[in-house]
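# Coordinate analysis (summary)
Here's the letter readout for the chains.
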Amino acid sequence: MRILFITHSFNSLTQRLHYELTVRGHEISIEFDIADSVSEEAVSLFRPDLIIAPFLKRAIPESIWSRYLCLVVHPGIVGDRGPSALDWAIQGGLKEWGVTVLQAEAEMDAGPVWASARFPMRPVRKASIYRNEVTEAALQAVLTAVERKSAADFLPERVPGQAHALMRQADRAIAWSTESSEAIIAKLNAADGFPGVVDELFGQPCHLFDAWPESELKGAPGSLLGRRETAICRATVDGAVWIGHVKRQGGLKLPATMAFPEAYALPELSLADCWKTPAQTWQDIAYEEVAGVGFLSFEFYNGAMSTVQCRRLTEAFLWATGRPTKVIVLRGGSDFWSNGIHLNTIEAAESPSDESWANISAIDDLAEAILRCETQLTVAAVGGNAGAGGCFLARAADFVWVRDGVVLNPHYKNMGNLFGSEFWTYLLPPRVGEEGARAIMRHRLPMSAKEAVELGFYDACLPAPGFTVDIARRAAELAAAPDLAERLVAKQAKRQADEAIKPLSAYRDEELKEMRRNFYGFDPSYHVARYHFVSRSAHSWTPRHLARHRDLDWKIPE
Ligand code: COA
């Protein structure tokens, strides 16, 4: 089928549907929902058999839905209607939720139902539910709906519904003096990553994000108890919560201590044995050891890795290499493995060029530490999405095992034609060939986990259910393998041979020479692209690599 996506943006759900429908032989083109006239033009150029709206913020115009079958992905159960569907479900503490694919009509979310899927809720952030449960359920429901459309004899059913209102900040407001930590975290989770909860810190209005439970610290409800790295701890009636990110009025979403330097006057609540605390608390870098395997997790918000975070993670990694283990597994965070350098902290810096340079140098130091590790075999366990430099940083490990369903964006071009670093010029060609490396870099579209393994970019694609257990089992097997010592010797020999041909420093210098041009040169594309990315600027046109119907050689199908 020829399927047109009309969508607010090419977000991770849209990326996943794009890939899954393409591999099933459908021809997909995309138009961002900018103006009715633009969507109408896209429809007349593409003449789709079906229109899908994976992620819309407003209704499809009648001029389109009255002439074409338009299927809308609604992040709510059958009968649920209206905005803030997930927000209400999370804040209300519902145990089960779902996705419905329904036909667009005049009344929002009230059209006949083509397919639906349900899932159990987890007590996590909205963005996490969206990227995981909602995405899987939406995929299942969209595939069913597409099959039903092909079958031609399916009659979608009309169901009675209940419309709810847009959740306002008044509904989200936190009463620090009366509400429990659990209720406060539910409110913050329901608003994360957008729009956050309006509140005050240091007497200044701001939006709060990135909440974590604290099981030991206590204090006067609402008072600020202290800080740890980038997060601030605030007391509740029955304990405390950590706030990792905030957005000041007119500002960017930033690590809390960066948005409010006043936080540095608070007591520092550092962890006694950093990286190894079992208590429920805020800990962005954590380490545990099981059966000869060290597991290093880095729970960085949105997978963005600032200069300081890269340095701390390098320190943690080097510390882990000194442990009596055979294998180190780099686990990343629960939602993202890594999305590369931290574009928000760069944007907020006094000199974004200097901060970009510091950040890329720090992430390269981390990649180099992984590449130079001689004492253990290293595994990148990519259980969450990864983008740009994050995809190549994972490749610095000896093995990359990726969870099926993960969306990868292994290219830098979308960020103002960045050349990229993280040793991709060293890591990619031996695995995918020179032309393969160029193709990956040129390709601006997402890649699925399976595709990454088929290309030889990553090593294994493991089923989503049981991924964590599977990783632990495979890593333990590696650690216990009788040929481990030989493998380590072979790894060292390979590194030395590669170094003799061309030192790592030469790859790094060449890449950074290009990056210097991106950061400090005449062409401002990277700075412009970064500004629009961090400001979440609305799109004013659809990139040509997505809107295939706007290709110069596109012919109106007969
Ligand atoms: N720095 C700072 N924030 C980042 C980030 C980065 N490198 N990558 C992602 N984010 C943030 C987004 O701003 C967004 O923030 P929000 O909480 O305000 O919504 C959130 O992560 C989710 O990103 P989003 O783009 O909505 O997710 P997605 O799954 O739809 O898309 C990517 C994933 C990787 C394609 C996209 O986030 C991206 O292009 N990131 C930039 C990667 C990059 O160029 N890194 C720098 C070069 S190494």
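These notes cover the structure that comes with them.

Thresholds applied
Residues numbered from 1 in each chain as written. Predicted model: local features only at pLDDT ≥ 70, side-chain atom pairs only at ≥ 80, totals over all residues. Heavy atoms only, no water. Helix = DSSP H or I, 4+ residues; strand = E, 2+ residues; numbered from the N terminus. Expected span 1.5 Å × (residues − 1). Bend = angle between axes of the 7 residues up to and from the residue. Near = heavy atom within 4 Å. Polar contact = N/O pair within 3.5 Å; in protein donor to acceptor, adjacent residues only side chain to side chain. Areas by Shrake-Rupley, 256 points an atom, 1.4 Å probe, with all protein chains shown as cover. Nonpolar A, V, L, I, M, F, W, Y, C, P; charged D, E, K, R; others polar. 1 Å grid on protein atoms, 1.4 Å probe; cavity = no way out; pocket = protein on both sides within 12 Å on 5 of 7 lines; lining within 4 Å. Points joined across faces, edges and corners; volume = space filled by probe spheres on them. Axes fitted to C-alpha atoms, helices over the stretch in contact; angles between N-to-C directions. Parallel < 35°, antiparallel > 145°, perpendicular 65-115°, else oblique. Left-handed = near helix turned anticlockwise from the far one by under 90°. Contact = heavy atoms within 4.5 Å. Core = buried A, V, L, I, M, F, W, Y, C linked by side-chain atoms within 4.5 Å. Buried < 20%, exposed > 50% of the residue type's maximum accessible area, 1.4 Å probe, protein only. Domains from an automatic or database assignment.

## Quick notes on helix α5 (residues 126-151)
The terminal C-alpha atoms of α5, which comprises 26 residues, lie 35 Å apart, in line with the 38 Å expected from a rise of 1.5 Å per residue. Roughly 40° is the biggest bend found in α5, and it falls at Val-134.

## A closer look at the site of the ligand
Around the ligand sit 22 residues in total, of which Lys-253, Asn-302, Ile-341, Leu-343 and Arg-536 are the nearest. Here Lys-253 contributes a side-chain N or O atom positioned 2.7 Å from an oxygen atom of the ligand. Out of a free accessible area of 860 Å², the ligand has 86% covered by protein chains. Counting residues per element, the ones that place at least two in the shell around the ligand are α1 (12-23) and α10 (343-348). Grouping the constituent residues of the shell around the ligand by class yields 8 nonpolar, 11 polar and 3 charged.

## Thoughts on the layout of surface pockets
Estimates place the volume of the second largest pocket at around 430 Å³. Along the wall of the second largest pocket there are 20 residues; nearest its centre are Tyr-426, Leu-427, Arg-431, Lys-494 and Asp-498. Breaking the lining of the second largest pocket down by element, the ones donating at least two residues are α11 (352-371), α13 (424-427), α14 (429-442) and α17 (484-501). Among the residues forming the lining of the second largest pocket, the class breakdown is 11 nonpolar, 1 polar and 8 charged.

## Brief notes about the packing of α11 against helix α18 (residues 504-520)
At a minimum axis separation of 11 Å, α11 and α18 run at an interaxial angle of 160°. If you check the angle between α11 and α18, you find them roughly antiparallel. As for how α11 packs across α18, the hand of that crossing is right-handed. Across the interface between the two elements, Ser-353, Asp-354, Ser-356, Trp-357, Ile-360, Ser-361, Asp-364, Asp-365, Glu-368 and Leu-371 from α11 touch Leu-504, Arg-508, Leu-512, Met-515, Arg-516, Phe-519 and Tyr-520 from α18.

## Digging into the nonpolar core
In terms of nonpolar packing, the biggest core is built from 86 residues, with Met-305, Trp-337, Val-382, Leu-408, Leu-428, Phe-457 and Tyr-458 touching the most fellow members. The element contributing the most residues to this core is α11, with 8 residues. Residue-level mapping places this core at the junction of two domains, with at least three residues from each of domain 2 (175-265) and domain 3 (285-464 + 474-523). What Leu-428 contacts, discounting residues up to four positions off in sequence, is Phe-392, Gly-433, Ala-437, Ile-440, Met-441 and Phe-457. Counting residues in each nonpolar core, the second largest holds 40 residues, with Ala-89, Ala-117, Val-134 and Leu-445 among its members.

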